[in-house]
Amino acid sequence: MSTPHDRPARFDVGIVGAGRVGAVLGAALVRAGHVVTGVSAVSEASLERAASLLPGVPVKPIPEVVSGAHLVVLAVPDDTLEPLVAGLSSTGTFTPGQLVMHTSGAHGISVFESAAASDIIPLALHPAMTFTGTALDLERLGGCCFGVTTVDLARPVGEALVIEMGGEPVWVAEDDRVTYHAALAHGANHLVTLVAQSMQLLGETGIEDPARLLEPLLTAALANTLQRGDAALTGPVARGDAGTVAGHVAMLRKVAPDIQPTYLALARATAQRALLSGRLRPSAAGPLLELLAHEEDQP
């Protein structure tokens, strides 16, 4: 719980990028008592988000958004972040002592190297959450973890900003930033693909509402895994039921060949983790892994 002494002073904030993340974090900062003095937005969707979540905040060109702000939030795609920082630095847009924060999970503060001469205070504050770009996200920020990377002297300010936005700061060292982001992307993004493929297969059976069937099963599986890790594993791979797995693979080859490679890769990874954790007996693992290797080698 933060105290008045922990909280940063009220800032004038410039939001560069009214995407799903930028507009929501801007609204969260306003809710915390800061003042958003400008926002950049180009597309129709971003202009609508800015109007909805940041009513009354003027839409300005990026240099005007940055100029004069105590805190600048760069909420732009990963690949455009470094060129943006370099451009703002080369044009003298940054001011010494300015807090400049980005929301990218993949980058730490090394992305600010081109702005070293500008004497800014770099912050990498990444909310580990999927955003809709609506007011619903403001409530979801409650308890959301933020990956925090910054210079040591700015760590209290960065963590206080996260707390003010309703989140929970989690320190991530600069050298660990890519690992941190890969873990989140692997877990969240690939989960979407996996669940969508499961729904696709259920749709092949004629089931009208695949999501309704899957929700209790997947909710329980997720909760159990978060609590117990590999010990939560169940199913034919963990039991070493090579015949059942072979039936799945044969069906996928006919019905959904686009899903078969995913199934094989995940079945192999599952078998290996189950073997290492003691869930799968070595005597059962051999035939199963041999089956999977043979199927993966098929053209």
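Residues numbered from 1 in each chain as written. Predicted model: local features only at pLDDT ≥ 70, side-chain atom pairs only at ≥ 80, totals over all residues. Heavy atoms only, no water.

Helix and strand counts for the protein come out as twelve helices and seven strands. In terms of overall dimensions, the protein has a C-alpha envelope of 65 × 40 × 40 Å along the principal axes. Looking at the 299 residues of the protein, the share that counts as buried comes to 38%. Contacts in the protein between residues at least 24 apart in sequence constitute 60% of all its contacts with a sequence separation of at least 6. If you sum the accessible surface of the protein, you get close to 15600 Å²; carbon and sulfur atoms cover 59% of it. Across the protein, the centroid of the 18 positively charged side chains sits 8 Å from that of the 30 negatively charged ones. (Helix = DSSP H or I, 4+ residues; strand = E, 2+ residues; numbered from the N terminus. Buried < 20%, exposed > 50% of the residue type's maximum accessible area, 1.4 Å probe, protein only. Contact = heavy atoms within 4.5 Å. Areas by Shrake-Rupley, 256 points an atom, 1.4 Å probe, with all protein chains shown as cover. Lys, Arg positive; Asp, Glu negative; His and termini not counted. Charge placed at Lys NZ, Arg CZ, Asp CG, Glu CD.)

Now for the environment of Val255. Tracing the chain through its elements places Val255 in helix 10 (residues 242–255). By relative accessible area, which is 39% here, Val255 ends up partly exposed. It is 51 Å that separates the C-alpha atoms of Val255 and Val100, two residues lying 155 residues apart in sequence.

Attention now goes to the pairing of strand 4 (residues 99–102). Burial of strand 4 is two-sided: the residues Leu99 and Met101 facing one way and the residues Val100 and His102 facing the other way are all buried. With four bridges joining them, strand 3 (residues 71–74) and strand 4 adopt parallel strand pairing. Each residue of the ladder has a partner; that of Leu74, found in strand 4, is His102. In this sheet, strand 5 (residues 121–127) lies alongside strand 4 in parallel orientation, the contact comprising four bridges. When the sheet's bridge partners are listed, Val100 is paired in strand 5 with Pro122. (Pairing = 2+ DSSP bridges.)

Another point: helix 12 (residues 282–296). The end-to-end C-alpha separation of helix 12 is 21 Å, in line with the 21 Å expected for 15 residues at 1.5 Å each. Those residues of helix 12 not exposed but buried are Ala284, Ala285, Leu288, Leu291, Leu292 and Glu295. When helix 12 is viewed along its axis, its buried side chains cluster within an angular range of 135 degrees and face the same direction. In helix 12, those exposed residues whose orientation departs by more than 90 degrees from the buried face are Pro282, Ser283 and Glu290. Those residues of helix 12 hidden inside the fold are in contact with helix 9 (236–239), helix 10 and helix 11 (260–276). (Expected span 1.5 Å × (residues − 1). Arc of directions from axis to C-beta.)

Our next topic: the state of the cysteines. Summed over the entire model, instances satisfying the criterion amount to zero disulfides. Unpaired in terms of disulfides, Cys144 finds its nearest cysteine sulfur in Cys145, a separation of 6.6 Å. Here Cys144 falls in the buried class, since its relative accessible area comes to 6%. (Disulfide = S-S within 2.5 Å.)

Viewed as axis vectors pointing N to C, helix 10 and helix 11 meet at an angle of 160 degrees, and their least axial separation amounts to 9 Å. Regarding the angle of helix 10 to helix 11, the classification is roughly antiparallel. Note that helix 10 runs across helix 11; the crossing there is left-handed. Across from Val245, His248, Val249, Leu252 and Arg253 in helix 10, the residues of helix 11 making contact are Gln260, Tyr263 and Leu264. (Axes fitted to C-alpha atoms, helices over the stretch in contact; angles between N-to-C directions. Parallel < 35°, antiparallel > 145°, perpendicular 65-115°, else oblique. Left-handed = near helix turned anticlockwise from the far one by under 90°.)

This paragraph deals with the environment of Gln200. Tracing the backbone through its elements, the reader meets Gln200 in helix 7 (residues 177–204). Sequence separation between Gln200 and Pro210 is ten residues; the distance between their C-alpha atoms is 8.1 Å. Setting aside residues no more than four positions away along its own chain, Gln200 makes contact with Ala256, Asp258 and Ile259.

A sheet is described by the order of its strands in space; here seven strands give the open sequence 2-1-3-4-5-6-7, paired in mixed fashion. The two strands at the open ends of the sheet, each matched to only one other strand, are strand 2 (35–40) and strand 7 (168–171). Each strand of the sheet is rotated relative to its neighbour by a mean of 25 degrees, with strand direction disregarded. Across four bridges, strand 1 (residues 12–16) lies against strand 3 in parallel orientation. In the strand pairing of strand 3, Gly14 is matched with Val72.

Scope: geometric values only; no functional claims are made or implied.
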